[in-house]
Amino acid sequence: MRLAALLWLLFIIGAALYLAFRLHEGLAFRTDLLALLPRDAQDPAAQHADDVVTAALSRQFMVMVGHHDRDQARAAATAIATALTQSKLVALTTDSFSKDRLQQIGKLYFPYRRGLLSERDRQLLLENKPEAISTAALSQVFGLVGMADAKLLQRDPYLLLLGFITRLPAPLSRLSLDDGLLALQDGDSYWVLVGGQISGDPYALDFQKRLTGVLEAAVATESSAHPDLRMLRLGAVFFAKAGAEQALKETSHLGLASIVGTVLLVLFVFRAVRPLWLTLLAIGVGVLTSLAACLWLFGEIHVMALLFGVSLIGVAVDYSLQYLSEIFAAEGGSPRERLRRVWIGITLATATVAIGYLTMFLAPFPGLHQIAALAAIGLLASWATVVLWLPALDGSRRPRHGDRLLAGAGSFLGLWQRPRPAWIRWATLALLLLIAAGGLLQAHADDDVRRMQSLSGPLMAEQEEIQRLAGAAGSAQFFLIEAKDDETALQAEETLIDRLQPLVAQGVLAGFQAPAQYVPSIARQRENRELVHRELDGPILAEHLHVLGLGQVEPPPAEDAPFLTLAEAGTKDGPLKFISSLLLDSGQGALHVVKLDGVERPEALAAAAEGLPGVRLIDPTGDFSRLLAKYRNRALGLLALSAALMTPLLIWRYGPKGALKVMAPPLLAVLLAPALRAWFGGSFTFFDGMALVLVLAIGVDYSIFLAETSLQRQRVTMLAVTMAAATTLLSFGLLALSSVQAVHAFGSTMLIGILLAFLLSPLARSARPLKGQAQ
């Protein structure tokens, strides 16, 4: 035993050194809540598109700077933009709307102008109404503000290219170019947009701190120089930082409350310092080992895993409490003798709880894998510490104050052990089943992934204000187009665009951006050239030129003149470089994305893709919600599997009837917990299902402890179970106070389930080890 204790000490020293090394390097925390969710392996193309589009959207940010004075707003916005650019943490994209960039766009399109028609001009030509195009062009030329010179009119007499460019999708519909800046006047305030893409991971805490530090410092400087300056933010990086700060704050507060509660409980029961520090030793070793192992296995820790990991404190303390409580036993004995009396109980309990946690590995949730590893390794480490170290460090003697505590524990046991008429037991059982049935009839599922997290209220208000000001309302939904090549994909998009235009008019969505809007298919460009030649190069051209006072125009391009392609338009340094975000690398064929803005009725969008080969609507939020629904049902399967894996171990120890008696209290708790939540309006989610797996495992612990005790020691064991339940409620139960819905649901179910498992645990007292089994 001494050799094992020494080896365990060396292992813990190694884990501590590794953890210290990682702390010195800087811990990597993940804050992306969607990273907790499973992947959709059934549709790799959709998953790839979802990953790329989500990553692109998550890197976008917008800052709007407002002031009642135009010059002060522009000066402040320019200074903030300069500070962000110099930090190299962002790449601004608002310069895409500068005069130079617009000239570059015109230069790119100009050689291909006869094949580029706005939707309005194309429709007029298809309806044989060339006069309308001529009239519109003349109105622009002879209007109050002339929009063309003679040289341009000789090359594009109908201003078709100008019409094409001015009708390109404008996601920021209310903003306009004002002396090189995107801005608008809203009431008595002048607003300037500073936007772009961040260069780092929006869900990395270190990057979040650096970016917000630069932004807040720049805003503070400009606010002092320009009183009454306002600043609005929009971007995943800001929401992720607020969520991470909330999660870390909750982790700190709940962890502190759990530790303080456990310390006070141990001091109240044992009224000595030695049991306290032995308890803290078992907890500390468990936490240290689990953190080191998690960092070694995964390389990083998700903040949600850390928040759930706080609950480890309440379970890890169970084994030390079982051992330490033996000091109240009348037979006394040395520390080794006291350990021998509880060894089988705590070992079986550790095995069953480990089974419960390890079952989580069967759910394809990356976040749950971290939680399972964190908890299972921590519990095994606490168990090893109790078995190998505590007897050697324990010199406690039987306290004098134990009789009153034991009397209280005995009174609770007596409520279950006093002889009562059989009808009372049957009536109690019928009442419990009635409560369960009534609650389950009212139960309803909630798989909406958006309610997994609690978004910052101030940031949500800023987002709504920016969307109102800029006329932008982004959407997570998009259309995915798969085709054998870009030309086929562009032709499919053009059909889709024809179907989406009426939906925009009906208010189903605010707008959309498709590659084909910027670069029509070659077939469409060829058709446009033919339309222009047939409708606009005939007799109407002579009359049109006469009105303009022009004698001739540049001859049209040859029939074999090249067409504009995506490869030319979407170059990395070109004026339309943003098109590359709509073109995904599929490895084979073409994979295009049509982004959607301001989706109001998602169900109406799906019909737009019907009958179009390779075109489908991707709804990441809906897909994640459907996955949660699927795995909510699977969680119940994991619950059954967890029970099935525990049962052989219990049958080996107690026989079939005894195993049923041990399993009855936690199974009743598992049945009643969601029913009681439903009575109070709670919904059932995947996280409730996973909580029930742990209710079963921990509840079996309590049953095993009571089944393993002797008649003389039953009050001591009941006292230990009471303390174990109290510490578990202090940890798991406190999660019910979390503002994150997923954590709240988990904690609420654990709170109710563990309380029920404790109250029903004396039912397992009648289970006894089989003859021949060691006591």
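For the structure given in this document, a descriptive report is provided here.

Summing up its helical and strand segments, the chain has 29 helices and 13 strands in all. Here the chain holds 775 residues, and the buried ones make up 54% of them. Looking at the chain alone, contacts between residues at least 24 apart form 84% of all its contacts between residues at least 6 apart. As displayed, the chain has an accessible area near 34,300 Å², and 61% of this comes from carbon and sulfur atoms.

Attention shifts here to the side chain of Ser761. As for its position among the elements, Ser761 is in the segment after α29 (741–760). For Ser761, the contacting residues outside a window of four places in its chain are Pro665, Tyr702, Leu706, Met718 and Val721.

Take the environment of Leu671 next. Following the sequence through the fold, Leu671 ends up in helix α26 (residues 620–679). Along the chain, Leu671 and Leu433 lie 238 residues apart, while their C-alpha atoms are 8.8 Å from each other. Those residues in contact with Leu671 that lie beyond four places of it in its chain are Leu433, Ala436 and Leu440.

Look at any regular strand and the pattern is simple: side chains alternate between the two faces of the sheet. With 8 of 8 residues buried, strand β12 (residues 590–597) is to be regarded as a mostly interior element. Of the two faces of β12, the one lined by Ala590, His592, Val594 and Leu596 and the one lined by Leu591, Val593, Lys595 and Asp597 are each fully buried. When strand β10 (residues 511–513) meets β12, the two strands line up antiparallel, connected through 3 bridges. Paired with Gln513 across the strands is Lys595, a residue of β12. Taken together, the 2 bridges between strand β11 (residues 583–584) and β12 define a ladder with antiparallel strand orientation. Each residue of the ladder has a partner; that of Leu583, found in β12, is His592.

Position of Arg22 among the secondary structure elements: in helix α1 (residues 2–25). Given the relative accessible area of 12%, Arg22 is considered buried. Looking at Arg22, its side chain comes within polar contact range of the main-chain oxygen of Leu295, at 3.4 Å. Looking at Arg22, its side chain comes within polar contact range of the main-chain oxygen of Gly299, at 2.9 Å.

Turning our attention to the pattern of salt bridges. Note that side chains of opposite charge can pair when their charged atoms are close. Using the criterion set out here, one finds 18 salt bridges in the structure. Of the charged contacts in the structure, one is a salt bridge between Glu465 and Arg468, with a shortest N-O distance of 3.0 Å. Here Glu465 and its partner Arg468 are both found in helix α19 (residues 457–470), 3 residues apart, which amounts to about one turn of the helix. In the salt-bridge network here, residues are joined through shared partners; they are Asp186, Glu465 and Arg468.

Within the structure shown, the criterion is met by 5 aromatic pairs. Aromatic side chains Phe270 and Phe328 sit 5.6 Å apart centroid to centroid with 20° between the ring planes, which places their arrangement in the stacked category. Linking Phe270 in helix α10 (residues 236–270) with Phe328 in the loop between α13 (312–325) and α14 (335–358), this pair joins segments that are 58 residues apart in sequence. A single burial state applies to Phe270 and to Phe328, both of which are buried.

Now for helix α27 (residues 686–708). Helix length check: α27 (23 residues) gives 34 Å between terminal C-alpha atoms against 33 Å at 1.5 Å per residue, within 8%. For α27, the tally of buried residues reaches 23 of 23 residues, placing the bulk of the element in the interior. For α27, the side-chain oxygen to backbone nitrogen distance between the N-cap and Phe687 is 3.2 Å, and the N-cap itself is Thr685.

Most of strand β6 (residues 189–198) sits inside the fold, with 9 of its 10 residues counted as buried. With 8 bridges joining them, strand β2 (residues 60–67) and β6 adopt antiparallel strand pairing. The residue bridging Val63 from the neighbouring strand is Val194, located in β6. Examined bridge by bridge, strand β3 (residues 90–92) and β6 share 3 bridges and lie antiparallel to one another. Each bridged residue has a counterpart across the sheet, and for Val90 the counterpart in β6 is Ile198. Of the strand pairs in this sheet, strand β5 (residues 181–186) and β6 are connected by 4 bridges, and their pairing is antiparallel. Looking at the pairing, Leu184 lines up with Trp191 of β6. The antiparallel hairpin formed by β5 and β6 contains 2 residues in its connecting segment, where Gly187 sits at a positive phi of about 65°.

A separate point is the nonpolar core. By size, the foremost hydrophobic cluster in this structure holds 115 residues, and its most contacted members are Tyr357, Tyr702 and Phe746. With 19 residues, α26 is the single largest residue contributor to this core. Leu509, Val599, Ala604 and Leu605 belong to the second-largest nonpolar core, a separate cluster that totals 41 residues.

The subject of this paragraph is α10. Look at α10: 50 Å from first C-alpha to last across 35 residues, which is about the 51 Å you get at 1.5 Å a residue. Arg271 lies just past α10 and shows a positive phi near 50°.

Cut-offs applied
- Residues numbered from 1 in each chain as written.
- Predicted model: local features only at pLDDT ≥ 70, side-chain atom pairs only at ≥ 80, totals over all residues.
- Heavy atoms only, no water.
- Helix = DSSP H or I, 4+ residues; strand = E, 2+ residues; numbered from the N terminus.
- Buried < 20%, exposed > 50% of the residue type's maximum accessible area, 1.4 Å probe, protein only.
- Contact = heavy atoms within 4.5 Å.
- Areas by Shrake-Rupley, 256 points an atom, 1.4 Å probe, with all protein chains shown as cover.
- Pairing = 2+ DSSP bridges.
- Polar contact = N/O pair within 3.5 Å; in protein donor to acceptor, adjacent residues only side chain to side chain.
- Salt bridge = Lys/Arg side-chain N within 4 Å of Asp/Glu carboxyl O.
- Phe/Tyr/Trp six-rings, centres within 6.5 Å; stacked < 30°, edge-to-face > 60°.
- Expected span 1.5 Å × (residues − 1).
- Core = buried A, V, L, I, M, F, W, Y, C linked by side-chain atoms within 4.5 Å.

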